[in-house]
Protein chains: 2
Amino acid sequence: MIQQWKPTEKPDSLEIRERMKKIKEKWIQLQRQMRENGQPVIVLIEGWGAAGKGSAIGSLIREIDPRFFQVVSMAGPTEEEQRRPFLYRYFVRIPEAGKFVFYDSGWGDELTKSYAKKEISQAEYELRLKSIERFERQLSDNGYKVLKFFFHISQKEQKKRLDELAADPDTCWRVSEYDRWQNKHYEKCLELFDDYLKVTDFQEIPWRIVDAKDKKWALLQLLEGICAGIEEAPKKPGGSMLENEFEIQEMLPLSQVYLNKSVSEQEYKEELEKLQDRLKKLHYKLYREKIPVILVFEGWDGAGKGGIIKRLAGGLDPRGYEVHPIAAPEPGEKFRHYLWRFWKRLPKTGHVAIFDRSWYGRVMVERIEGFCSAEDWNRAYQEINEFESELFRWGAVIIKFWVQIDKETQLIRFQERENTPEKRWKITPEDWRNREKWDQYEEAVDEMLQKTGTEYAPWHILESVDKRYGRLKALRIVTETLENVLKKQINK
Amino acid sequence: MIQQWKPTEKPDSLEIRERMKKIKEKWIQLQRQMRENGQPVIVLIEGWGAAGKGSAIGSLIREIDPRFFQVVSMAGPTEEEQRRPFLYRYFVRIPEAGKFVFYDSGWGDELTKSYAKKEISQAEYELRLKSIERFERQLSDNGYKVLKFFFHISQKEQKKRLDELAADPDTCWRVSEYDRWQNKHYEKCLELFDDYLKVTDFQEIPWRIVDAKDKKWALLQLLEGICAGIEEAPKKPGGSMLENEFEIQEMLPLSQVYLNKSVSEQEYKEELEKLQDRLKKLHYKLYREKIPVILVFEGWDGAGKGGIIKRLAGGLDPRGYEVHPIAAPEPGEKFRHYLWRFWKRLPKTGHVAIFDRSWYGRVMVERIEGFCSAEDWNRAYQEINEFESELFRWGAVIIKFWVQIDKETQLIRFQERENTPEKRWKITPEDWRNREKWDQYEEAVDEMLQKTGTEYAPWHILESVDKRYGRLKALRIVTETLENVLKKQINK
C-alpha cells in the first residue's frame, strides 16, 4: 500500500493555516456530536519510529476536554500483560460511550515488530492477523468508530530525526534500540508494514496514510482524516453479516435431556473426595505448565450452580483461582463492548477463572429482555465463538456447563428457599419473573447450545434434579479434561 | 510476643472433632450474618514459611459460597506494583461490603522480609510500620473487620516440612529460597517477627498466635479465632478519635480572598505558551527521574476547572498523564473504603495523575448531603492527611487547587451555559441545587482548607473570575513546584 501510495503535494503554508483553522472548528463540533450521541471513537496511529505520532496526538488533544479522552501509549507488554492473550492490553483500554481513545502505536506495531524480530513464526503472525481482523470488526459492529492512520517518513528522514533526538540530552532517551534497528532494516520493515496494511485495510475500517515529513502538514492530514472518518455514513445498522466459521458440536435440545439420574449419598461422598484429590494435583501441574483454565457455568435459577462451584473450588488451591459472579453490568461496563468486562476478568496463565454466569448473558437475558437488538444477539454467537477461539489459541482450556433442571424442580426449590430463613436471600422477585419466561429462555438456551458448542470450548449438560449427580459430573468432566490436556502438553 | 507466648495444650482428637463440628456451624451462621449486614471482613494470615497457612485457608473456604470471598496470595510485587506505594497492592484488594478477603501472607511478611534481607533501612522499616498502623486503623474505622493470625512452628518443625516438600517432585517448587534462608536464620527472624507483632498488636486489631504444629488443631484455632473476632463487640460507632499529627499551613477563609485579579489577552497568550514549554521539558525529566505527580482540582461548579486542566494538559506529553474525572462512585466503589477508588487510580512513578474532583468529596458533598456520618467526615481530615503523607513518602509531588469564584460570577456562567447550545451539556439541575447550598459548601470548604493544607500537599487558591488569571496561576504553581523538586532531586 505504501509503495504504490502517492502523497498529495504539500500545500503552501498559507493554505495549511487556513485549512487548519477550518478543520479545528469542525473537530470541536464533531467532538460535541460524538459526546451527545454517546459514540465511542478509537483513533489508532501507527507508523515509523520518530514519525511524529506522539506530538501529533499532543496537538490534537489540545482541543478536547481532558475528561473525554485517553491516550494509550505502551512500551512492551508488562509481566502481567504477557500472561494474557495478545490483544488483552488493547481490549481492556477501549473507550466507553461518548469518549475517545488515541492509541499511540498499537497492535499493528506490536505484531509487525515481533514478526520482524523473529519472535513469532509466520503461522503465528497469520493467526494474529486474523485475531486483529476480528477485533476491529467486532469493535466496529458494536458501535465503535475505528480510525486508522499510518505515519510515513523516508529512511533518510527517519535517520535525520533519530540523530537529532539522540544528540539532545533532553530527548536522547526517546530513541530506542528498535528505532535504530528499524532504520537500518528500513526496506524489510517497509515490506512488512506494507503487507500488514494491505491485509488489514478493511472496507469499513480503512487505513489512511499520512505523509509525515512536515509536522504541520501531517497534523492537518490527520485532523482532516479523523473528521472525514467520523462524518462517513455510519455503519449499516446491525453490523456485519457473519457466517459461522467454526466446527459446531451437535447438542440435544433441553427437552430431550433425560433428567432422572441420581447417585447415592455414600457414593457421592466417596467419589467427591477422590475427584477433589485428583483435581488438587492437577491444579499444581497446570500452574507449573502455565495453562490458564476458564470454566463457565450457566443454568436455570435454582439449578445449583453455586453448589457445584463450591465443590469444584474445594478441589483447587485458593491461591490459583478466582470466582467471578456476573450480575447486571456496572455503568462503566454497560457503556463498553459487551465482552469488555470479561476480557478484564481473564485469568493469568496457570490460573483458573470460574464464571458464575458469563458472556452468554448476551444471547439469553439481553436477548429476552430486549437489552440489545436482534441483530446484536444474532451476531453474538459468532462473536462469542471468536472470543473463545482467541482464548483457546492463547492456550486456555475452556469448559462450559449448562446446569439443567425441570420447571417443577425449580418451583420446589424456590419455595424451599422462601421457607428457609437462611436461604431467603437467594430468592428475589426477579427469579419469579424469569420463571414466567421459562419457554422463551428454553428456546434461547437451545439456540445457544446449538450455535456455540465448539470442540475447543464445548458445552456439557449437568443433569441436576439430583444435585449430587450434577456436582459429580461437573468435577469428573473438569478433571478428565484437564488430565487429557496435561497429557498432551507433557508429550509435546 | 511469640517468645513469651504459651500455646494452649493441644486437645485430644475427639475434642478437636467435636469443637470443629460446633465451630463450623457457627462459622456458617456468622457468614450469613456478615453478608446480611454488609460487613466486610479481612482475614490476614501471616507466619513462617511452610507453617500451613495456605492449606488452612483452603479448608476454611470450603464452607463459604465462592461468590463471597477472595483469597489473595502474592509473590513479590510485580513491575506495575513496584511503581506504586508499598501498601498499594494490599489496598486495591480489600473486599466490598458483605464479602471476605483472606490474605495468605500480607504486608507484615513483605515488610519483615525486606528488612531481614536488608533491602530497606531501619528508618524506612519504622516508617512503614507507621503506614501499616494507619492502614489497619483506617480499615477498622471505616467498617472493616480485620482479623490477624500468626502461624507459628519451631525451627525443627519448619526444617522437617521444607525437607518433605522438597523431596516430593509434586511439591518441591513450593519451597522458596527465602524459606530456606528463613529456616537457617530462624532466631533472627523470630526476633523480627516478635518485634513486628508487638508493634502492630493494636487494641482493636490484635494478633492471634496459632500453634501450627498439628494441621487439624491449627485449623480449629483459626476458625475459633475468626468466629471470636467476628463476635466481639463491634467497634465503637464513629471510629477512632484522631488528633491531627501534621503541620498545617494557615489559609485565608474564602470570603477574604481578593478576586479582582486579571490579565490581558496578550499577556495571557504569551505567558501560557512559555509555561507550557517549560512544563513540557519538566515532564520528560520527571519521567526520567521516575517522580510521580498528583494534581488535585476542586472548586465551585462553573469555576473553570475543566479549562485549567485542559491548558495544563496542553503542556504535558499525552503518554505520561491521565485525567480522572471523579463523579458519584459506582457500586463496587461505594461498597468499599472511600479512598479505595483513588488508590486504584494512583499514577505509576514518572507519571502525572490529574484529579478533576477527588477524595475531598468526603468532606464536601458527602458531608453536606449526609452520605456519611458526622464522625466519618470529621475523621476524614486526618485520614486524608495520612493518605497524602503516604503518597509523599512514596515520592509523589502533590499539589492541590481550589478554583474560586464568587456567587454572582457563577450565576452568570450558569446562565451563559444554558443559553449556549454547545455548552448546555455542562449544566445540570444538580448544579442549580448545589448553588442553593452555597453557604453550607463555603463553610465545608473553609474547614477543609484549614485542616488539610500540609507542607507536603499544600492547597492553592486560584482566583478565577478572570479565567485567564486562574489558568496562568495554576500553570505557574505547577511549573515552579516541579522545578524546585527536580532541583532538589538532582542535588541529592
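Keep in mind that this is a model prediction, so the values were computed, not measured.

Draft legend 1. Expanded view of helix 20 (residues 467-491) of chain A. Helix length check: helix 20 of chain A (25 residues) gives 36 Å between terminal C-alpha atoms against 36 Å at 1.5 Å per residue, within 8%. On the buried face of helix 20 of chain A, the contacting elements are helix 11 (265-289), strand 6 (293-299), helix 12 (305-313), strand 9 (397-404) and strand 10 (459-463) of chain A.

Draft legend 2. Spatial organisation of the relation of the copies chain A and chain B. The two copies are related by a screw operation: chain A maps onto chain B through 180° of rotation and 0.1 Å of translation along the axis, at an RMSD of 0.0 Å. What the superposition gives is, in effect, a two-fold axis relating one chain to the other. When you check the interface residues of chain A against chain B, 98% turn up at the interface there too, and the contact is symmetric in its surfaces.

Draft legend 3. The side chain of Lys400(A), seen in detail. Residue and element names in this part refer to chain A. Position of Lys 400 among the secondary structure elements: in strand 9. On the accessibility criterion, Lys 400 (0% relative accessible area) is buried. Among the polar contacts made by the side chain of Lys 400, one reaches the side chain of Tyr 360 at a distance of 2.7 Å. A polar side-chain atom of Lys 400 sits 2.7 Å from a polar atom in the side chain of Glu 388. For Lys 400, the contacting residues outside a window of four places in its chain are Val 296, Tyr 360, Glu 388, Thr 452, Ala 457, Pro 458, Trp 459 and His 460.

Draft legend 4. The arrangement of a negative patch on the surface in detail. All names here are of chain A. Taken together, the side chains of Glu 126, Glu 187, Glu 191 and Asp 195 present a region of like negative charge at the surface. Element by element, the count of residues in the negative patch is highest for helix 9 (residues 186-199), at three residues. Secondary-structure assignment places Asp 195 in helix 9. For Asp 195, a relative accessible area of 32% corresponds to the partly exposed category.

Draft legend 5. Structural context of the interface of chain A and chain B. Opposite the 49 residues of chain A that make contact, chain B presents 48 residues. Between chain A and chain B the total buried area reaches about 4400 Å² when both faces are included, carbon and sulfur atoms providing 56% of it. Among the residues chain A hides against chain B, the three largest losses belong to Arg62(A), Arg319(A) and Trp425(A). Together they make up 14% of the total. Taken together, chain A and chain B are joined by four salt bridges. The closest approach of N and O atoms between Arg319(A) and Asp104(B), which form a salt bridge, is 3.6 Å.

Draft legend 6. A look at the pattern of salt bridges. All names here are of chain A. One pass over the full model with this rule turns up 95 salt bridges over all chains. Between Glu 36 and Arg 32 there is a salt bridge, with the nearest N and O atoms lying 3.9 Å from each other. Of this pair, Glu 36 and Arg 32 both sit in helix 1 (residues 13-37), four residues apart, roughly one helical turn. Since its relative accessible area comes to 52%, Glu 36 is described here as exposed.

Draft legend 7. Inspection of the nonpolar core at higher detail. Phe102(A), Trp107(A), Phe102(B) and Trp107(B) are the most contacted members of the largest nonpolar core, which has 299 residues in total. Beyond its immediate sequence surroundings of up to four residues, Trp107(B) is in contact with Ile42(B), Leu44(B), Glu46(B), Phe86(B), Leu87(B), Tyr90(B), Ile132(B), Phe135(B), Glu136(B) and Tyr196(B).

Draft legend 8. Here's a closer look at the sheet that holds strand 6 (residues 293-299) of chain B. All names here are of chain B. Within the open sheet, the five strands sit side by side as 7-8-6-9-10. Their pairing is parallel. Both edges of this open sheet fall to strand 7 (321-325) and strand 10 (459-463), since each of them pairs with a single strand only. Ignoring which end each strand starts from, the neighbouring axes of this sheet average 20° apart. Across five bridges, strand 6 lies against strand 8 (residues 352-356) in parallel orientation. The residue bridging Leu 295 from the neighbouring strand is Ile 354, located in strand 8.

Draft legend 9. Fine view of unusual backbone geometry. Residue and element names in this part refer to chain B. Positive phi, normally seen in glycine, also occurs at Ser 105, with a value near 70°. Looking at the secondary structure, you find Ser 105 in the loop between strand 3 (100-104) and helix 5 (107-116). In this structure Ser 105 comes out as buried when scored by relative accessible area, which is 17%. Located in the positive-phi region is Arg 357, a residue other than glycine, with phi close to 75°. By the secondary structure assignment, Arg 357 is in the loop between strand 8 and helix 15 (365-368). A residue is classified by how much of its surface remains accessible, and Arg 357, at 29% relative accessible area, is partly exposed.

Draft legend 10. The packing of helix 1 (residues 13-37) of chain B against helix 10 (residues 215-231) of chain B, seen in detail. Residues and elements named next belong to chain B. For the pair helix 1 and helix 10, the least separation of the axes is 9 Å and the interaxial angle reads 35°. Helix-helix and strand crossings are classified by hand; for helix 1 and helix 10 the assignment is left-handed. Contact residues: Ile 16, Arg 19, Met 20, Ile 23, Lys 24, Lys 26, Trp 27, Leu 30 and Met 34 in helix 1; Lys 216, Trp 217, Leu 219, Leu 220, Leu 223, Glu 224, Ile 226, Cys 227, Ile 230 and Glu 231 in helix 10. Considering only residue class, the contact of helix 1 with helix 10 consists of 13 nonpolar, no polar and six charged.

Draft legend 11. Summary view of the packing of aromatic side chains. This model, assessed by the stated rule, comprises 64 aromatic pairs over all chains. Ring plane angle 45° and centroid distance 5.6 Å describe the contact between Phe91(B) and Phe135(B), whose orientation is recorded as tilted. Placement of Phe91(B) in helix 4 (residues 88-91) and of Phe135(B) in helix 6 (residues 122-141) is noted, with a sequence separation of 44 residues between them. The same class applies to Phe91(B) and to Phe135(B), which are both buried. Through pairs of rings, three or more aromatic residues link up here, namely Tyr90(A), Phe91(A), Tyr103(A), Trp107(A), Phe135(A), Phe342(A), Trp343(A), Phe355(A), Trp359(A), Tyr360(A), Phe387(A) and Trp459(A). One Lys or Arg, Arg84(A), reaches over the ring of Tyr88(A) and ends 5.0 Å from the middle of that ring. The side chain of Arg362(B) reaches across the aromatic face of Tyr338(B), ending 4.0 Å from its centre.

Draft legend 12. Broad picture of the pairing of strand 8 of chain B. Residues and elements named next belong to chain B. Of all five residues in strand 8, five are buried, a share of seventy percent or more. Burial along strand 8 is two-sided: the face carrying Val 352, Ile 354 and Asp 356 and the face carrying Ala 353 and Phe 355 are both buried. Sheet topology places strand 7 next to strand 8; five bridges connect them, and they run parallel. Within strand 8, the position partnered with Tyr 321 by the bridge is Val 352.

Draft legend 13. A look at the sheet that holds strand 1 (residues 41-47) of chain A. Residue and element names in this part refer to chain A. Taken in spatial order, the five strands of this open sheet run 2-3-1-4-5, and their pairing is parallel. In this open sheet, the two edge strands, each paired with only one partner strand, are strand 2 (69-72) and strand 5 (207-211). Neighbour-to-neighbour, the strand axes of the sheet open up by a mean angle of 20°, direction not taken into account. Looking at chain direction, strand 1 and strand 3 (residues 100-104) are connected through five bridges and run parallel.

Draft legend 14. How the structure looks around the confidence of the model for chain A. In the predicted model, chain A carries a mean pLDDT of 93, and the fraction of residues at 70 or more is 99%. Reported confidence for the predicted complex is 0.74 by ipTM and 0.86 by pTM.

Draft legend 15. Region of interest: the environment of Tyr338(A). Residues and elements named next belong to chain A. Relative to the helices and strands, Tyr 338 resides in the loop between helix 13 (331-334) and helix 14 (340-343). Accessibility expressed as a relative area gives 8% for Tyr 338, which makes it buried. Residues Tyr 338 and Ser 176, spaced 162 residues apart in sequence, show a C-alpha to C-alpha distance of 37 Å. Setting aside anything within four residues of it in sequence, one finds Tyr 338 in contact with Asn 142, Arg 362, Ala 380, Glu 383 and Ile 384. A distance of 2.7 Å separates the side chain of Tyr 338 from the side chain of Glu 383, its partner in a polar contact.

Definitions and limits used
- Residues numbered from 1 in each chain as written.
- Chains lettered and ligands numbered in written order.
- Predicted model: local features only at pLDDT ≥ 70, side-chain atom pairs only at ≥ 80, totals over all residues.
- Heavy atoms only, no water.
- Helix = DSSP H or I, 4+ residues; strand = E, 2+ residues; numbered from the N terminus.
- Expected span 1.5 Å × (residues − 1).
- Contact = heavy atoms within 4.5 Å.
- Least-squares fit on C-alpha atoms with pLDDT ≥ 70 in both.
- Buried < 20%, exposed > 50% of the residue type's maximum accessible area, 1.4 Å probe, protein only.
- Polar contact = N/O pair within 3.5 Å; in protein donor to acceptor, adjacent residues only side chain to side chain.
- Patch = residues over 30% accessible without salt bridge, like charges linked within 9 Å, V, L, I, M, F, W, Y side chains within 5 Å.
- Areas by Shrake-Rupley, 256 points an atom, 1.4 Å probe, with all protein chains shown as cover.
- Salt bridge = Lys/Arg side-chain N within 4 Å of Asp/Glu carboxyl O.
- Lys, Arg positive; Asp, Glu negative; His and termini not counted.
- Charge placed at Lys NZ, Arg CZ, Asp CG, Glu CD.
- Buried area = accessible area lost by both parts, 1.4 Å probe.
- Core = buried A, V, L, I, M, F, W, Y, C linked by side-chain atoms within 4.5 Å.
- Pairing = 2+ DSSP bridges.
- Axes fitted to C-alpha atoms, helices over the stretch in contact; angles between N-to-C directions.
- Left-handed = near helix turned anticlockwise from the far one by under 90°.
- Nonpolar A, V, L, I, M, F, W, Y, C, P; charged D, E, K, R; others polar.
- Phe/Tyr/Trp six-rings, centres within 6.5 Å; stacked < 30°, edge-to-face > 60°.
- Lys NZ or Arg CZ within 6 Å of the ring centre and 35° of its normal.
- pLDDT = per-residue confidence, 0-100.

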